[in-house]
Amino acid sequence: MKGIILAAGKGTRLYPVTKPICKPLLPVYDKPMIYYPLSVLMSAGIRDVLVITPPDDTKPFEDLLGDGSGLGMRISYKEQKVQRGIADAFLIAEDFIGDDSVCLALGDNIFYGPAFRRKLREAVKDVSQGAVIFGYYVPDPRAFGVVEFDSEGKAISIEEKPTHPKSNYIVPGLYFYDSSVVEIAKNVKPSARGELEITSVNNAYLDQGRLRVIPLGDEFTWFDTGSADSLYEAAGAIKAAQRSGKMIGCLEETAFHNQWITMDKLLEHAGEMAKTKYGQYLEALADEI
């Protein structure tokens, strides 16, 4: 399976903060925002990742992540010349995806929770049947794609930004698809707002009887960090969660536990950031192991 991070949003809801810097490069507490979706892909066992960036804005991402070799990965980059919606990512990444299944993560979405790794591996396994997405309960779902379930918990409809939602479960920004997603995306018609909606892709799989929705319970946390309030809230939640001593979104730790890098490489990363809590966390992790 391959991975895509869509990091091409202009971040207009965060202006003026995002005028000089791309939103996924903003800090969320102690690390760049893009670390969180990348760590999710890594936890799913995905080593080959394409980062889709805004026009002429690839270099800062390359400066941050490089080619991925330092994490035992392969990270490449492509630009989204014109913002045409989430489903456009599959058209941009057609050659990258090839005949493989793929996971798309939005660059401003944060997920964490106990046993989330198990949920991710479950999705990777089940995607051979078509598509796997998650359902997350929110008090006001009107700004999202909303999933309706039948009495047996099976998804029966998905509506994009409905005025009268049929449930409180929304589809957060993490999607698993088989390789047919490219052809499905090619047949998606632009919505009224001129975008290729990811909900249209999900509904295509739903109509084919090949979509599974995995509900995430109260033990899981999700943030869409597209506004100043949600960005602030996410940073506070990450800080509070890390008081347990476990870091969220630590790329080097995930790479080491995946056996993608050696202890020497882990210590090398720790040494590069020795003056920071991040680097000291890596040193403590190495000592503990």
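Look up a bit, the structure's there.
Summary of the structure given here. Keep in mind that this is a model prediction, so the values were computed, not measured.

A short note on the packing of aromatic side chains
Turning to step 1, where the next piece is worked out: One pass over the structure, following the stated rule, counts 12 aromatic pairs.
Turning to step 2, where the next piece is worked out: Through a chain of ring-to-ring contacts, the aromatic side chains of Phe111, Phe116, Phe134, Phe176 and Phe220 assemble into a single cluster.
Turning to step 3, where the next piece is worked out: Its end group placed over the ring of Phe96, Lys2 keeps NZ or CZ at 5.1 Å from the ring centre.
Turning to step 4, where the next piece is worked out: In this structure, Lys19 is placed above the aromatic ring of Tyr15, and the distance from its NZ or CZ to the ring centre is 5.6 Å.

Quick notes on helix α7 (residues 198-207)
Turning to step 1, where the next piece is worked out: For α7, every residue scored as buried is listed here: Ile198, Thr199, Val201, Asn202, Tyr205 and Leu206. An end-on view of α7 places all buried positions within 160° of arc, on one side of the element.
Turning to step 2, where the next piece is worked out: Gly209 sits one or two positions beyond α7 and adopts a positive phi of about 70°.

Quick look at the packing of helix α1 (residues 35-43) against helix α5 (residues 116-126)
Turning to step 1, where the next piece is worked out: It is the contact of α1 with α5, at a shortest axis distance of 9 Å, that shows an interaxial angle of 65°. Residue-level inspection shows Val40, Met42 and Ser43 of α1 in contact with α5, the latter providing Phe116, Arg117, Leu120 and Arg121.
Turning to step 2, where the next piece is worked out: By residue class, the composition of the contact of α1 with α5 is 4 nonpolar, 1 polar and 2 charged.

What to know about the layout of surface pockets
Turning to step 1, where the next piece is worked out: Volume-wise, the largest pocket comes out at about 1200 Å³.
Turning to step 2, where the next piece is worked out: Arg13, Ile86, Leu106, Asp108 and Asp224 are the residues nearest the centre of the largest pocket, which is lined by 44 residues in total.
Turning to step 3, where the next piece is worked out: Mapped by element, the contributors of at least two residues to the lining of the largest pocket are β8 (131-137), α7, β14 (221-224) and α8 (228-241).
Turning to step 4, where the next piece is worked out: In terms of residue class, the lining of the largest pocket is built from 17 nonpolar, 15 polar and 12 charged.

Let's talk about the pattern of salt bridges
Turning to step 1, where the next piece is worked out: Applying the stated rule across the entire model yields 20 salt bridges.
Turning to step 2, where the next piece is worked out: Where Lys81 meets Glu79, a salt bridge forms, and the shortest distance between an N and an O atom there is 2.8 Å.
Turning to step 3, where the next piece is worked out: A relative accessible area of 61% places Lys81 in the exposed class.
Turning to step 4, where the next piece is worked out: The partner of Arg193 in a salt bridge is Glu197, and the shortest N-O contact between them spans 2.7 Å.
Turning to step 5, where the next piece is worked out: Each member of the salt-bridge network shares a partner with another, and the members are Glu160, Lys161, Arg193, Glu195 and Glu197.

Points about α8
Turning to step 1, where the next piece is worked out: Taking 1.5 Å per residue, 14 residues should reach 20 Å; α8 reaches 20 Å between its end C-alpha atoms and fits that length.
Turning to step 2, where the next piece is worked out: Those residues of α8 that sit buried are Ser230, Leu231, Ala234, Ala235, Ala237 and Ile238. Across the axial projection of α8, the buried residues extend over an arc of 165°, all falling on one side. In α8, the exposed residues that point more than 90 degrees away from the buried face are Asp229, Tyr232 and Glu233.

Quick notes on the packing of helix α10 (residues 263-272) against helix α11 (residues 277-288)
Turning to step 1, where the next piece is worked out: Look at α10 against α11: their axes get within 8 Å of each other, and the N-to-C directions meet at 150°. Viewed along their axes, α10 and α11 adopt a mutual orientation that is roughly antiparallel. The element α10 and its partner α11 pack so that their crossing is left-handed. Contact with α10, carried on its side by Met263, Leu266, Leu267, His269 and Ala270, involves Gly279, Leu282, Glu283, Leu285 and Ala286 of α11 and no other residues of that element.
Turning to step 2, where the next piece is worked out: Considering only residue class, the contact of α10 with α11 consists of 7 nonpolar, 2 polar and 1 charged.

Thresholds applied
Residues numbered from 1 in each chain as written. Predicted model: local features only at pLDDT ≥ 70, side-chain atom pairs only at ≥ 80, totals over all residues. Heavy atoms only, no water. Phe/Tyr/Trp six-rings, centres within 6.5 Å; stacked < 30°, edge-to-face > 60°. Lys NZ or Arg CZ within 6 Å of the ring centre and 35° of its normal. Buried < 20%, exposed > 50% of the residue type's maximum accessible area, 1.4 Å probe, protein only. Helix = DSSP H or I, 4+ residues; strand = E, 2+ residues; numbered from the N terminus. Arc of directions from axis to C-beta. Axes fitted to C-alpha atoms, helices over the stretch in contact; angles between N-to-C directions. Contact = heavy atoms within 4.5 Å. Nonpolar A, V, L, I, M, F, W, Y, C, P; charged D, E, K, R; others polar. 1 Å grid on protein atoms, 1.4 Å probe; cavity = no way out; pocket = protein on both sides within 12 Å on 5 of 7 lines; lining within 4 Å. Points joined across faces, edges and corners; volume = space filled by probe spheres on them. Salt bridge = Lys/Arg side-chain N within 4 Å of Asp/Glu carboxyl O. Expected span 1.5 Å × (residues − 1). Parallel < 35°, antiparallel > 145°, perpendicular 65-115°, else oblique. Left-handed = near helix turned anticlockwise from the far one by under 90°.

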